[in-house]
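Residues per chain, in single letters:
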Amino acid sequence: MSRRAAHRRLLLSLSSFREAGAPVRRVHPLYVRITHWLNVYAMACMFMSGWGIYNASPIFGFSFPQWATLGGWLGAATIWHFSVMWLLVGNGLVYLAGGVLSGHLRRDMLDVRPRAVARDAVAALRLRLPHTPGRYNAVQKALYLGVLLLGVLIVLSGLAIWKPVQLSGLTDLFGGFAAARVVHFCAMAGIGLFVVVHLLLVIVVPRTLPPMITGRAHGGRDA
C-alpha cells in the first residue's frame, strides 16, 4: 500500500469516527418535513393532471403519454388539478409563514452569492460537493429561491387561465389567454427541472435524505 493510500484511509477512518461520535441534532423542524412530503404528493398530482389537461389542447407539437397523466379524461384531470391546487398553495403558505417566523428563509437561503453557486456547482459535477447537516449549499439555496419564484409565477398564470374573464386584467398582463398558457407551461417545465436537479443532488449526497424523514442527523446544528 502506498503512503498516499494509507494516508487517505486514515483520513476516512478519522472522518467516520468523528461522524459516529458527533451528537445527534435536530436539523429539519417538523413543519419543514411535513410541507416537504406534502409537496411531493401535491406536485406529482399537479404535474400528471396538468399533462392530461395539456393533452386535450396541446400548445406544442407533442403530447404526454397517457400513462403519465392523471384522471383519464379532461373533466377528471381538471377536477384533480383544481382540487390539489388548494393543497399545494396552502402548503406553500404554511412553509413561507414558518420560514419567515422561524428565520429559516433569512438565515438559510437569502445569503446566496453567484460566485458561491458557481463554486458549488463545479464541486457537485466533480462529486465533491460538501454537505453539513442542517445547512444548505449555494446550489440548493439558488434552486429553492428559484422554485419559489416559479411557484408564484405558475399560480398567477394558472389563475389567469382559470378565470380569464373575472381576472381579465391579470390575463392581459400575461399577454392574453394563449400567452398565459405558454407561461404556465414554461413555469411547470422549470419546476420539473428543479425536481430533476434536486433528485440528482440527493443521489450525489444521499445522507441528506434520512434527516428529511427523521429531522435529525449527526453533527450540523439545531434548526
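Residues numbered from 1 in each chain as written. Predicted model: local features only at pLDDT ≥ 70, side-chain atom pairs only at ≥ 80, totals over all residues. Heavy atoms only, no water.

J.: So what's going on with the overall build of the chain? Which residues, and what values?
T.: Scanning the chain from N- to C-terminus turns up 9 helices and 2 strands. Traced from its N-terminal end to its C-terminal end, the chain shows the element sequence α-β-α-α-α-α-α-α-α-α-β. When each of the 223 residues of the chain is scored for burial, the buried share is 33%. Considering only contacts within the chain whose residues lie at least 6 apart along the sequence, 70% involve residues at least 24 apart. (Helix = DSSP H or I, 4+ residues; strand = E, 2+ residues; numbered from the N terminus. Buried < 20%, exposed > 50% of the residue type's maximum accessible area, 1.4 Å probe, protein only. Contact = heavy atoms within 4.5 Å.)

J.: Hey, could you go over the UniProt feature "transmembrane region" (unreviewed entry) in the chain for me, with residue numbers and the actual values?
T.: Mapped onto the present numbering, the UniProt feature "transmembrane region" (unreviewed entry) falls on residues 37-54, 86-105, 142-162 and 182-205. Along residues 86-105, the helical share is 95% and the strand share 0%, with 23 Å between the first and last C-alpha atoms. What you have in residues 142-162 is 100% helix and 0% strand, and the ends, taken at the C-alpha atoms, are 30 Å apart. (UniProt positions renumbered as here; feature names shortened; annotations may be inferred.)

J.: If you had to explain the environment of Leu170 to someone new, which residues and values would you point to?
T.: The residue Leu170 is located in helix 7 (residues 168-173) in this model. Separated by 13 residues in sequence, Leu170 and Ser157 have C-alpha atoms that sit 8.1 Å apart. In this structure, Leu170 is in contact with Leu156, Leu159 and Ala160, ignoring residues within four places of it in sequence.

J.: Report on the side chain of Thr171, specifying residues and quantitative values.
T.: Looking at where Thr171 falls in the secondary structure, it is placed in helix 7. Overall, the relative accessible area of 4% leaves Thr171 in the buried class. Of the polar contacts made by the side chain of Thr171, one reaches the backbone oxygen of Ala160; its length is 3.0 Å. (Polar contact = N/O pair within 3.5 Å; in protein donor to acceptor, adjacent residues only side chain to side chain.)

J.: Go over the packing of aromatic side chains with me, naming the residues and quoting the values.
T.: Summed over the entire model, instances satisfying the criterion amount to 14 aromatic pairs. Centre to centre, the rings of Phe82 and Trp162 are 5.1 Å apart; their planes meet at 40 degrees, and the pair counts as tilted. With Phe82 in helix 3 (residues 74-102) and Trp162 in helix 6 (residues 138-162), this pair connects stretches of sequence that are 80 residues apart. On the basis of relative accessible area, Trp162 is assigned to the partly exposed category, the value being 28%. (Phe/Tyr/Trp six-rings, centres within 6.5 Å; stacked < 30°, edge-to-face > 60°.)

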